[in-house]
Amino acid sequence: MTDYPLVTIVTPSYNQGQYLERTILSVLSQDYPNIEYIIMDGGSTDNSVEIIKKYQNKIAYWISKKDKGQSDAINKGWKMAKGIYCSYLNSDDALYPEAVSKIVKAFSENRGAGIVYGDYTFINERDEILETVRSKLISFRHLLTHGQMPSIGQPSSFYLTSLVREKGYINEKLHLAMDYDLLLKLANASAMIHVPSQISYFRLHGASKTSTLAKQHWHETLKVKLNYNK
């Protein structure tokens, strides 16, 4: 499928059975015909494995085994990825229909891009819309100075796989600001492109790290900023 370059999407998951099926279906229902979908489950004890098995014939690879956390799971998935472009979609988030098609179109029209990202919608645990966020095109300097949010929502971000491998994957010492660190690494080496379309649903709920670890997230973000400001 030369007209449809392969896109790898990795879902790291652990005991998110409540939301996992929505995540899986949002990937499998994309109109884009060439997606390699990988699920890296960390040994869930809820109904996650049962849900994954329900769709395993449409999933390129999955495993349910204890890992070292989210960053480790994503890297393991990306290291086996065959896609020209890659992303990770957490097991409580979801993609909009036609999201991958729009992302690939932007990559094809901007050959120097290492990151393509779009807009996103915050939802709650009941799939109710909390806020629709319109992103904008920003520079590496803006990203470093002002941070990732609200400009770039992680589940709406896709990357050039070769660049991810060149720059060293996700820093597994980070557990909260690893997506910000990754964006900085890639944006410092290539162009970022913004797609003015809704790409993902970003779920906020009581058990999400975004909700429960805000203070720790800020401290880790500051460490990342300091590292790039040396």
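Up top is the structure.
Per chain, residue numbering runs from 1 following the sequence as it is written. Note on the predicted model: pLDDT of at least 70 is required for a residue's local features to be given, and 80 or more for side-chain atom pairs to be given and counted; whole-chain, interface and lining totals, by contrast, use all residues. Note: side-chain values were computed over all heavy atoms of the structure, leaving out hydrogens and water.

### Here we look at the overall build of the protein
Stage number 1. Helix and strand assignments come from DSSP, with helices taken as H or I runs of at least 4 residues and strands as E runs of at least 2, each series counted from the N terminus. Per the secondary structure count, the protein includes 9 helices and 9 strands.
Stage number 2. In terms of overall dimensions, the protein is globule-like: its C-alpha atoms have a radius of gyration of 16 Å, near the 17 Å expected for 230 residues.
Stage number 3. Here the term buried applies to any residue with accessible area under 20% of the maximum for its type, exposed to any over 50%, and partly exposed to those in between, with areas from a 1.4 Å probe on protein chains only. Across the 230 residues in the protein, those meeting the buried criterion constitute 54%. Atoms counted for the radius of gyration: C-alpha only. Globule rule: 2.2 Å times residue count to the power 0.38.

### Side note on the environment of Gln198
Stage number 1. Relative to the assigned elements, Gln198 resides in strand 9 (residues 191-203).
Stage number 2. For the pair Gln198 and Gly112, spaced 86 residues apart in sequence, the C-alpha separation works out to 23 Å.
Stage number 3. The residues touching Gln198, leaving out its near neighbours within four places in the chain, are Tyr96, Asp119, Tyr120, Thr121, Thr132, Val133 and Arg134.
Stage number 4. Nitrogen and oxygen atoms within 3.5 Å of one another constitute a polar contact, given that in protein one can donate a hydrogen and the other can accept it, and given that sequence-neighbouring residues count only through two side-chain atoms. Of the polar contacts made by the side chain of Gln198, one reaches the backbone nitrogen of Tyr120; its length is 3.2 Å.
Stage number 5. Side chain to side chain, Gln198 and Thr121 meet in a polar contact 2.8 Å long. Residue contacts are defined here by distance: any two heavy atoms, one from each residue, within 4.5 Å place the two residues in contact.

### What to know about the pattern of salt bridges
Stage number 1. The working definition used for a salt bridge is a side-chain nitrogen of Lys or Arg within 4 Å of a carboxyl oxygen of Asp or Glu. On inspection of all chains with the given rule, the structure shows 8 salt bridges.
Stage number 2. Across the salt bridge formed by Glu166 and Lys167, the nearest N and O atoms sit 3.6 Å from each other.
Stage number 3. For Glu166, a relative accessible area of 57% translates into the label exposed.

### Comments concerning helix 3 (residues 70-79)
Stage number 1. A large share of helix 3 lies buried, amounting to 8 of its 10 residues.
Stage number 2. Restricting attention to buried positions, one finds in helix 3 the residues Gln70, Ser71, Asp72, Ala73, Ile74, Asn75, Gly77 and Trp78.

### Remarks on the pairing of strand 1 (residues 7-13)
Stage number 1. Counting buried residues along strand 1, 7 of its 7 residues qualify, which places the element largely inside the surrounding structure.
Stage number 2. Here strand 1 shows no split at all, with Val7, Ile9, Thr11 and Ser13 on one side and Thr8, Val10 and Pro12 on the other all buried.
Stage number 3. As defined by bridge partners, strand 1 adjoins strand 2 (residues 35-41) across 7 bridges and the pair is classed as parallel. Bridge pairing links Val7 to Ile35 in strand 2.
Stage number 4. The path from the first strand over the helix to the second decides the hand: if it runs clockwise while the strands point away from the viewer, the crossover is right-handed. You can see the chain leave strand 1, run along helix 1 (residues 17-28) and come back into strand 2, and the turn it takes is right-handed.
Stage number 5. Note on pairing: two strands pair once DSSP finds at least 2 bridges between them. Relative to strand 4 (residues 85-88), strand 1 is paired through 4 bridges, and the arrangement is parallel. The partner of Val10 across the bridge, within strand 4, is Tyr88.

### Concerning the packing of aromatic side chains
Stage number 1. When the centres of two rings from Phe, Tyr and Trp lie within 6.5 Å, Trp using its six-membered ring, the rings pair. Their planes under 30 degrees apart give stacked, over 60 give edge-to-face, and anything left gives tilted. Applying the stated criterion across every chain, the model contains 8 aromatic pairs.
Stage number 2. For the ring pair Tyr85 and Phe107, a centre distance of 4.1 Å and an interplane angle of 10° mean the geometry is stacked. Taken together, the residues span a long stretch of sequence, with Tyr85 in strand 4 and Phe107 in helix 4 (residues 99-109) at a distance of 22 residues.
Stage number 3. Given a relative accessible area of 7%, Tyr85 falls into the buried group.

### Things to note about the side chain of Asn90
Stage number 1. The topology assignment puts Asn90 in the loop between strand 4 and strand 5 (94-95).
Stage number 2. Judged by relative accessible area, Asn90 falls into the buried class, the value being 16%.
Stage number 3. Within the local environment of Asn90, its side chain forms a polar contact with the side chain of Gln70, the two groups lying 2.7 Å apart.

### Section: helix 4
Stage number 1. Turning to helix 4, its buried residues are Ala99, Val100, Ile103, Val104, Ala106 and Phe107. Angularly, the buried residues of helix 4 cover 160° about the axis, an arc narrow enough to put them on a single face. By construction, the arc corresponds to the directions joining the helix axis to the C-beta atoms.

### Some words on the side chain of Asp41
Stage number 1. Tracing the backbone through its elements, the reader meets Asp41 in strand 2.
Stage number 2. Despite its burial, Asp41 pairs with no opposite charge, the nearest such side chain being Lys53 at 11 Å.
Stage number 3. Of note is the side chain of Asp41, whose polar atom sits 2.6 Å from the side chain of Ser44.
Stage number 4. A distance of 2.7 Å separates polar atoms of two side chains, one belonging to Asp41 and the other to Ser64. When charges are counted, Lys and Arg are positive and Asp and Glu negative, with His and the chain ends excluded.

### Quick look at the pairing of strand 9
Put simply, side chains in a regular strand alternate between the two faces of the sheet.
Stage number 1. The element strand 9 is largely enclosed, with a buried count of 11 among its 13 residues.
Stage number 2. Looking at chain direction, strand 5 and strand 9 are connected through 2 bridges and run antiparallel. Along strand 9, the bridge assignment pairs Leu95 with Ser200.
Stage number 3. Pairing between strand 6 (residues 113-123) and strand 9: 10 bridges, direction parallel. Opposite Phe122, over in strand 9, you have Phe202 as the bridge partner.

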